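Spelled out from the first residue to the last, the chains are:
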Amino acid sequence: MDRLRNTFSSLLIWLAIASGVWACERCGTPTPCPSGACLASHAAKKPVAKPAPLRRSSLLPQMRPNRVLLVTCLDRQDRLHEQTELMHRLAAHLRAMSSVEVVESDHRVCLEHFPIQTGRFDERKLVNLGTRYSADTVIYCEVANIDSYRPMKMEVRFLMISAEQSVALASASRHHDLGTPATRKKFLQSFDEYEHSSESLLRSPNRLIDFSANQLAAEILRL
């Protein structure tokens, strides 16, 4: 049942992104509802055969963010604090690359309620987050998995939602494997060779998170 539930949640995520809407917390169907409230039926959506690495809504150009709130889930590793580190580094790179205001949520969400994991979000909580932090856009981000053994590798995910309209705008999953020559070369070139040796960089999970956050920030801004 758990595997079936996870598969269904993942399908909801990609169907929602593909159609430019998200799943309603109350009725489990795409939101916003046609009349502003949960209805028994919604217009049928065409199924997506295979989700692409990046999904973006056609509404994205109309809802360019001015103030972004970053939200992540609980850290799963005691020593690395990988989720917190990703949020800090992503915020730093977004600020350095653009004029968009970026704030970091001081509240961490458990996986049972994390929209990237569940495939749906609570509109009331989203509105509360937007109001509390004066943000028009919320970006959920997470380190889906990380392998600190050489060659290091990790997967990062993000989900961008308009807090004002409660509409999912973009979603992506990115893999960075330092066992791949092209990725390893790009990773090493992103740091100052006079400050860090190649050997030290290739053994540092924090540097890999920083590299992934940098790549993710650039991709978000290109949207």
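Note that this is a predicted model, so its numbers are computed, not measured.

The rules behind these values
- Residues numbered from 1 in each chain as written.
- Predicted model: local features only at pLDDT ≥ 70, side-chain atom pairs only at ≥ 80, totals over all residues.
- Heavy atoms only, no water.
- 1 Å grid on protein atoms, 1.4 Å probe; cavity = no way out; pocket = protein on both sides within 12 Å on 5 of 7 lines; lining within 4 Å.
- Points joined across faces, edges and corners; volume = space filled by probe spheres on them.
- Helix = DSSP H or I, 4+ residues; strand = E, 2+ residues; numbered from the N terminus.
- Nonpolar A, V, L, I, M, F, W, Y, C, P; charged D, E, K, R; others polar.
- Phe/Tyr/Trp six-rings, centres within 6.5 Å; stacked < 30°, edge-to-face > 60°.
- Buried < 20%, exposed > 50% of the residue type's maximum accessible area, 1.4 Å probe, protein only.

Caption draft 1: Spatial organisation of the layout of surface pockets. By volume, the second largest pocket is sized at about 380 Å³. Lining the second largest pocket are 18 residues, and of these Val109, His113, Pro115, Asp122 and Lys125 lie nearest its centre. When residues in the lining of the second largest pocket are grouped by element, the largest group, four residues, is from helix α4 (residues 123-133). Here the residues of the lining of the second largest pocket sort into eight nonpolar, five polar and five charged.

Caption draft 2: Representation of the packing of aromatic side chains. Taken as a whole and judged by the stated rule, the model has three aromatic pairs. Here Phe187 and Phe191 contribute two aromatic rings whose centre-to-centre distance is 5.3 Å and whose plane-to-plane angle is 70°, an arrangement assigned as edge-to-face. Judged by relative accessible area, Phe187 falls into the buried class, the value being 0%. Under the relative-accessibility criterion, Phe191 is labelled buried at 12%. Look at Phe187 and Phe211: their rings are 5.4 Å apart centre to centre, the planes differ by 90°, and that puts the pair in the edge-to-face class. Placement of Phe187 in helix α5 (residues 181-189) and of Phe211 in helix α7 (residues 205-222) is noted, with a sequence separation of 24 residues between them. Take Phe211: its relative accessible area is 3%, and that puts it in the buried class.

Honestly, that's just the spatial picture; any functional story needs more than this.
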